[in-house]
Amino acid sequence: MVEVTPWGAVGQLADGKSKVEVEAKDIRELFRKLAEQYPGLEPWIDKGIAVAIDGTIYRETWSKELPQGAEIFCCRGWRVGRRTAVSPPSTTQIWPSELK
């Protein structure tokens, strides 16, 4: 079981919860379980949601394991022109304070 912080618009679609617990071993399973628990999230997941694990943003790295006790955030993909920023490169290092 991992604790996930749904950030911004993603949090609003998770019934406004600031934290959700999900039984998932990797990002792919996390998205599947979130869509099951919160059906309103599914269109956002399809468009692209980024996952930050301990300050590193993972984009299209769905097999990345979710370590127990990690700080995990889900946030909407950022739009840059006509492209979404959830395309390669697959990871970006950020500071945790940038997510809050």
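Residues numbered from 1 in each chain as written. Predicted model: local features only at pLDDT ≥ 70, side-chain atom pairs only at ≥ 80, totals over all residues. Heavy atoms only, no water.

Engineer: Whenever I open this one, the overall build of the protein chain confuses me. Can you help?
Structural biologist: If you tally the helices and strands in the protein chain, you get three helices and eight strands. Reading the helices (α) and strands (β) of the protein chain from amino to carboxyl end gives β-α-β-α-α-β-β-β-β-β-β. Contacts spanning at least 24 positions in sequence make up 58% of the contacts within the protein chain whose residues lie at least 6 apart. Carbon and sulfur atoms provide 50% of the accessible area of the protein chain, an area that totals close to 5900 Å². (Helix = DSSP H or I, 4+ residues; strand = E, 2+ residues; numbered from the N terminus. Contact = heavy atoms within 4.5 Å. Areas by Shrake-Rupley, 256 points an atom, 1.4 Å probe, with all protein chains shown as cover.)

Engineer: Would you take a moment to explain helix α2 (residues 27-37) for this structure?
Structural biologist: Helical periodicity: at 3.6 residues per turn, an α-helix aligns residues three or four positions apart in one direction. Turning to α2, its buried residues number three or more, namely I27, E29, L30, F31, K33, L34 and A35. Each element contacted by the buried residues of α2 is listed here: β1 (2-6), β2 (20-22), α3 (42-47), β3 (49-53), β4 (56-58) and β5 (72-76). The opening residue of α2 is D26, an N-cap whose side-chain oxygen sits 3.3 Å from the backbone nitrogen of R28. (Buried < 20%, exposed > 50% of the residue type's maximum accessible area, 1.4 Å probe, protein only. Polar contact = N/O pair within 3.5 Å; in protein donor to acceptor, adjacent residues only side chain to side chain.)

Engineer: I would appreciate a short explanation of the pattern of salt bridges in the present structure.
Structural biologist: Across all of its chains, the model carries four salt bridges by this definition. Among the salt bridges present, the one from E29 reaches K33, with a minimum N-O distance of 3.5 Å. Of the two residues, E29 and K33 are both situated in helix α2; the distance of four residues between them amounts to about one turn of the helix. The class for E29 is buried, based on a relative accessible area of 16%. (Salt bridge = Lys/Arg side-chain N within 4 Å of Asp/Glu carboxyl O.)

Engineer: Explain the nonpolar core here, please?
Structural biologist: Generally speaking, a soluble globular protein has its nonpolar side chains buried in company with each other. Counting residues in each nonpolar core, the largest one holds 23 residues, and the members touching the most others are L30, L34, V51, I53, L66, I72 and C74. Those elements that provide at least two residues to this core are β1, β2, α2, β3 and β5. If you tally residues by element for this core, the top one is α2, at five residues. Setting aside its immediate chain neighbours within four residues, L66 contacts V2, A24, K25, D26, I27, L30, I53 and I72. Grouped together as the second largest cluster of nonpolar side chains are five residues, A50, I57, F73 and C75 included. (Core = buried A, V, L, I, M, F, W, Y, C linked by side-chain atoms within 4.5 Å.)

Engineer: In this structure, what is going on with the side chain of D26? I would like to understand it.
Structural biologist: Inspection of the secondary structure assignment puts D26 in the loop between β2 and α2. Among the polar contacts listed, one links the side chain of D26 to the backbone nitrogen of R28, at a separation of 3.3 Å. Residues contacting D26, with those up to four places away along its chain left out, are W62, S63, K64, E65 and L66.

Engineer: Looking at this model, I keep getting lost on the pairing of β3. Mind explaining?
Structural biologist: The side chains of a regular strand alternate, residue by residue, between the two faces of the sheet. With five of its five residues buried, β3 lies for the most part within the structure. Because side chains alternate across β3, one face comprises the buried residues I49, V51 and I53, and the other comprises A50 and A52, equally buried. Here β3 runs beside β5; their pairing, made up of five bridges, is antiparallel. The residue bridging A50 from the neighbouring strand is C75, located in β5. (Pairing = 2+ DSSP bridges.)

Engineer: Whenever I open this one, the packing of aromatic side chains confuses me. Can you help?
Structural biologist: Per the counting criterion, the structure on display carries one aromatic pair. Where F31 meets W62, the ring centres are 5.1 Å apart and the plane angle is 65°; that geometry is what we call edge-to-face. Note that F31 is positioned in helix α2 and W62 in the loop between β4 and β5, a separation of 31 residues in sequence. Of the residues examined, F31 reaches a relative accessible area of 7% and is grouped as buried. Over the aromatic face of W44 sits the side chain of K47, whose NZ or CZ is 5.5 Å from the ring centroid. (Phe/Tyr/Trp six-rings, centres within 6.5 Å; stacked < 30°, edge-to-face > 60°. Lys NZ or Arg CZ within 6 Å of the ring centre and 35° of its normal.)

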